[in-house]
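# Inside the fold
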Amino acid sequence: MGRIVYCDGRFVPEEEARISIFDRGFLFGDAIYEVTAVIGGGMIDNDLHLDRFERSLAALSIPMPVPRAELEGIQAELMARNDLSEGTIYLQVSRGVADRDFLYPEGLAPTFIAFTQARKLADTPAQRNGIAVDLAKDVRWARCDIKTSMLLGQVLIKHQARARGYNDAWMVSDGLITEGSSSTAFIITGDGRVLTRPNSQSTLPGCTRMAVLRLCAGHGLQFEERAFSPAEAQSAVEAFVTSASSFVTPVVKIGEVVIGNGRPGPLTSRLQAYYLEAALDPEAAASS
């Protein structure tokens, strides 16, 4: 038997999972999603991810498909049924099923699916060696703070970056970097400050971003939340991205400019270690 998924109230083999062609998530991208990392059989920052899950649903006036405690039980059951020790758990909720119309009827029952993806998340080549990011115009809609399934802009940006020889891209709007195509952008200044853009409707409020800023505060590292330009990013001494599936990943090239000596910097490496320590042993990290 292959992977077991959750589809509208049932745990079923992935081959048996079915969603209506009239689901608004399929027809309009009228859906939100969330991804939680799993390391050593434990979910990482899951409280932050479920907080954002609830905020995104509320922003679109979609009800929670199940109570939060039941949702956590579904995540745990998926991990157990798929013997997941390292990877991710994906959740998606659409507004529901109705004949195609821009105006949706009130009272739709949301469609809820969830599945696991086994994959290596810690000590990856990207985390060890760093990645190169292209610079691309931010072509997304204006409410990037809602984690919707409307990801065509990011799909195209990632594909174009890969075709140009980059691992990913940082998006630019009004002369300032917003974020990575599926990550939060950070730079480290010459005086050792960790710098990232503040949360707004222009960016997704990253859960790993929040965890890293808490780690900075807990370890006495200076950080600042403000926007920065591509030129400032390219003059930084270090750079990195954060996301649920990449943790803290060094950026060693932005556009045509090599950052530092082209290798992961010492402060980024420290943040990688702090984050992994906190993920594997939250109690020990909190007391250190």
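Our subject in this report is the structure included herewith.

Criteria and thresholds
- Residues numbered from 1 in each chain as written.
- Predicted model: local features only at pLDDT ≥ 70, side-chain atom pairs only at ≥ 80, totals over all residues.
- Heavy atoms only, no water.
- Helix = DSSP H or I, 4+ residues; strand = E, 2+ residues; numbered from the N terminus.
- Rg over C-alpha atoms; globule rule 2.2 N^0.38 Å.
- Buried < 20%, exposed > 50% of the residue type's maximum accessible area, 1.4 Å probe, protein only.
- Areas by Shrake-Rupley, 256 points an atom, 1.4 Å probe, with all protein chains shown as cover.
- Lys, Arg positive; Asp, Glu negative; His and termini not counted.
- Charge placed at Lys NZ, Arg CZ, Asp CG, Glu CD.
- 1 Å grid on protein atoms, 1.4 Å probe; cavity = no way out; pocket = protein on both sides within 12 Å on 5 of 7 lines; lining within 4 Å.
- Points joined across faces, edges and corners; volume = space filled by probe spheres on them.
- Polar contact = N/O pair within 3.5 Å; in protein donor to acceptor, adjacent residues only side chain to side chain.
- Contact = heavy atoms within 4.5 Å.
- Nonpolar A, V, L, I, M, F, W, Y, C, P; charged D, E, K, R; others polar.
- Expected span 1.5 Å × (residues − 1).
- Arc of directions from axis to C-beta.

Assigned secondary structure in the protein consists of 9 helices and 15 strands. In terms of overall size, the protein behaves like a compact globule, its C-alpha atoms giving a radius of gyration of 19 Å where 288 residues would be expected to give roughly 19 Å. Viewed in the frame of its principal axes, the protein has a C-alpha envelope of about 55 × 40 × 30 Å. Among the 288 residues that make up the protein, the fraction classed as buried is 50%. Entry remark: accessible area of the protein is about 13600 Å², with carbon and sulfur atoms responsible for 53%. Measuring between centres, the 28 positive side-chain charges of the protein sit 5 Å from its 35 negative side-chain charges.

Approximately 1200 Å³ is the volume found for the largest pocket. In terms of lining residues, the largest pocket is bounded by 48 residues, among which K158, S182, S183, S243 and S245 are the most central. Counting residues per element, the lining of the largest pocket draws most heavily on helix α5 (residues 152-163), which supplies 4 residues.

On to the side chain of T116, then. Within the secondary structure layout, T116 lies in strand β6 (residues 111-118). With relative accessibility at 3%, the residue T116 sits in the buried group. A polar side-chain atom of T116 sits 3.4 Å from a polar atom in the side chain of N82. For T116, the residues in contact, after removing those within four places along its chain, are R3, L78, M79, N82, L84, T88 and I89.

Quick look at empty space enclosed by the protein now. Within the structure shown, the criterion is met by 1 cavity of 30 Å³ or more. Taken as a whole, the largest cavity holds about 40 Å³ of empty space. Around the largest cavity sit T178, E179, T184, R197, P198, N199, T203, L204 and R209, which together line it. In terms of residue class, the lining of the largest cavity is built from 2 nonpolar, 4 polar and 3 charged.

Turning our eyes to something else, we now look at α5. With 12 residues, α5 ought to run about 16 Å at 1.5 Å a step, and its terminal C-alpha atoms sit 16 Å apart, in line with that. Here α5 has its buried residues at G153, Q154, I157 and A161. Each buried residue of α5 sits inside an arc of 90° when the element is viewed along its axis, so together they form one side. Seen from the buried face of α5, the exposed residues on the opposite side, beyond 90 degrees, are L152, H159, R162 and A163. Looking at the buried positions of α5, the neighbouring elements they touch are β7 (131-137) and β8 (168-173). Trailing α5 by a residue or two, G165 shows a phi angle of about 95°, which is positive.

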